[in-house]
Amino acid sequence: MTGTTPKRMVVIGSGTMGRGIALSALRAGLDVDLVDVEERALQAAATWISGYFARHPRTEPSEEPPRGRLATTRSMDEVLDAAGVVIEAVPETPTLKEQIFGRLKSAPSDVLLASNTSTMSVSALAEACGGSAMVIGMHFFNPAHKMPLVEVVTGDRTSDEARSAAVALARRLGKEPIVVRDVPGFVTSRLGLLLGTEAMRMVEEGVADAASIDRAMTLGYGHPLGPLRLADLVGLDARLNNLRSMFARTGDERYRPPGVLERLVAEGRLGRKSGRGFFDYDAAGTTAAGEAP
Ligand code: NAD
C-alpha cells in the first residue's frame, strides 16, 4: 500500500474495536473485508454498521451506505491477496495475536500489517511474522469511529515506509496520529491502565462508591468519563486481558489485576456490553447511578 492510499482494508476481529475501525474505513471510502471466527459476531457487526449508515444522513459522498463495499468472511486467507492494509483486532491474548501474525506472512510484501494491540510488543508480532518490516501498531480508541486518536507504534524492525503509510492511513480515516516507541502499554495504556486500576482498588478498599470515584475525575479533573465507566465501556474482560498482558510483560505490581475486576469478569459482569459491570446499564447503554459492586 505504500506510496498510494489503500483501496481495500482487511479487519481481523469484528468485536468492539474491529467493527468501529471497519466503519471508519467505509466512511473514508475504503472497501472492507471483515474477518471473524464467529459467524454471529460478523452478523452483529454488519447489522451495527448498516444501522449506523441508516441513522446518519448523507452529508458527504463517503457517508453513503456501504452497499457491497463491506464483505464478511470466516476465512482470513481468502481475502489477504486483495488487501491494501490489514488491521488485526482480536482479543488481547499474546498467543492468539502471534498466531494471526504468523499467518500474515502470506500477505503480499507491500501490505501494511497493523495490530490494534493495547499492550503487546509490536516487535514480537513482527518476529512472529517472519521479521516483516511492515508490522506496526495502530492503536485506536473506543468507540473507534468517534475517538480521534491513533497511536502509531513502531517496533524495532518497522520501516520508515510502514510508519509513513500508517500515519497517512490514520489521517485518511479522519484521525490524529501520534508516533510512539514500542514500550509496554505505549503512552495511553501505560497511563490509562494505572488510573483505572487505582480506581478499582479504591472500590475494593471502600474509599468511596463507584459513582463518587468517577465523579471525582469528571468534576475535579475534567475527564469526560470517569475511570470506572470507561472500564465498563472498554469491556471488563478486555481490561483484564490488558492488565494480565502488561503485568506479564513488566512484572510491575501496579499492573496486577485487582481482585474486584477478576471477580466481576468471572460473574459475567463485563461492563456495558453485558448490561452490568461497575454500573448497571439499560438497553441504550446508559446508566443513572452506579452501585459499588
Ligand atoms: P472483542 O472481544 O470485542 O472482539 C474480538 C473479536 O475477535 C471477537 O468477535 C472474536 O470472535 C474475534 N476473534 C477471536 N479469535 C479470532 C481469530 N482467530 N480470527 C478472527 N477473529 C477472531 O475485543 P475488542 O475489545 O474489540 O479488542 C480487540 C483488540 O483491541 C484487543 O487487542 C484490545 O486490547 C484492543 N483495544 C480494545 C479497546 C476497547 O475499548 N475494547 C480499545 C483499544 C484497543
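Residues numbered from 1 in each chain as written. Predicted model: local features only at pLDDT ≥ 70, side-chain atom pairs only at ≥ 80, totals over all residues. Heavy atoms only, no water.

Moving on to the UniProt feature "binding site: NAD(+)" (unreviewed entry) in the chain. Residues given the UniProt feature "binding site: NAD(+)" (unreviewed entry) here are Gly13, Ser14, Gly15, Thr16, Met17, Gly18, Asp36, Glu92, Lys97, Ser118, Asn142 and Lys273. These annotated residues cover 261 residues of sequence, and their C-alpha atoms reach 22.7 Å apart at the extremes, leaving them scattered rather than at a single site. Position of Ser118 relative to the elements: it lies in the loop between β5 (112-115) and α5 (122-128). Under the relative-accessibility criterion, Ser118 is labelled buried at 14%. When near neighbours in sequence (up to four residues on either side) are disregarded, Ser118 contacts Glu92, His139, Gly185, Phe186, Ser189 and Asn242. (UniProt positions renumbered as here; feature names shortened; annotations may be inferred. Helix = DSSP H or I, 4+ residues; strand = E, 2+ residues; numbered from the N terminus. Buried < 20%, exposed > 50% of the residue type's maximum accessible area, 1.4 Å probe, protein only. Contact = heavy atoms within 4.5 Å.)

So, on to the pattern of salt bridges. Across all of its chains, the model carries 15 salt bridges by this definition. Here Asp237 makes a salt bridge to Lys273, at a shortest N to O gap of 2.9 Å. Of this pair, Asp237 sits in helix α10 (residues 236-250) while Lys273 sits in the segment after α11 (259-266), and the two are 36 residues apart along the sequence. Among the ionic contacts, a cluster of salt bridges with common partners joins Lys7, Arg8, Asp31 and Asp33. (Salt bridge = Lys/Arg side-chain N within 4 Å of Asp/Glu carboxyl O.)

Here the focus is the site of the ligand. Close to the ligand lie 24 residues, the nearest being Met17, Asp36, Glu92, Lys97 and Ser118. Take Glu92: an N or O atom from its side chain is 2.4 Å from an oxygen atom of the ligand. The separation between an oxygen atom of the ligand and a polar side-chain atom of Asn142 is 3.0 Å. For the ligand, the accessible surface in isolation is 840 Å², of which the surrounding protein chains cover 87%. Only α1 (16-27) and α4 (94-103) provide two or more residues apiece to the shell around the ligand. For the shell around the ligand, the leading source of residues is α4, giving three residues. Its residues assigned to classes, the shell around the ligand shows 11 nonpolar, nine polar and four charged. (Near = heavy atom within 4 Å. Polar contact = N/O pair within 3.5 Å; in protein donor to acceptor, adjacent residues only side chain to side chain. Areas by Shrake-Rupley, 256 points an atom, 1.4 Å probe, with all protein chains shown as cover. Nonpolar A, V, L, I, M, F, W, Y, C, P; charged D, E, K, R; others polar.)

Another point: the environment of Lys105. Along the chain, Lys105 falls in the loop between α4 and β5. The spacing of Lys105 and Gly131 is 26 residues in sequence and 9.2 Å in space, taken between C-alpha atoms. When residues no more than four places from it in sequence are discounted, the contact partners of Lys105 are Ala128, Cys129 and Gly130.

Each strand in a sheet pairs with its neighbour through backbone hydrogen bonds, running either in the same direction (parallel) or in the opposite one (antiparallel). Pairing is mixed across the open sheet formed by eight strands, whose spatial order is β3-β2-β1-β4-β5-β6-β7-β8. Each edge of the open sheet is held by one strand with a lone partner, namely β3 (70-73) and β8 (176-181). This sheet shows a mean twist of 25 degrees between the axes of neighbouring strands, independent of strand direction. Sheet topology places strand β1 (residues 8-12) next to strand β4 (residues 85-88); four bridges connect them, and they run parallel. Bridge assignment links Met9 to a residue of β4, and that residue is Val85. Together, β1, β4, β5 and β6 (135-139) form the strand contacts of α4, whose direction differs from that of β5 by roughly 175 degrees. The strands touched by helix α6 (residues 160-172) are β1, β4, β5, β6, β7 (149-154) and β8; relative to β6, the strand with the most contacts, the crossing angle is about 25 degrees. (Pairing = 2+ DSSP bridges. Axes fitted to C-alpha atoms, helices over the stretch in contact; angles between N-to-C directions.)

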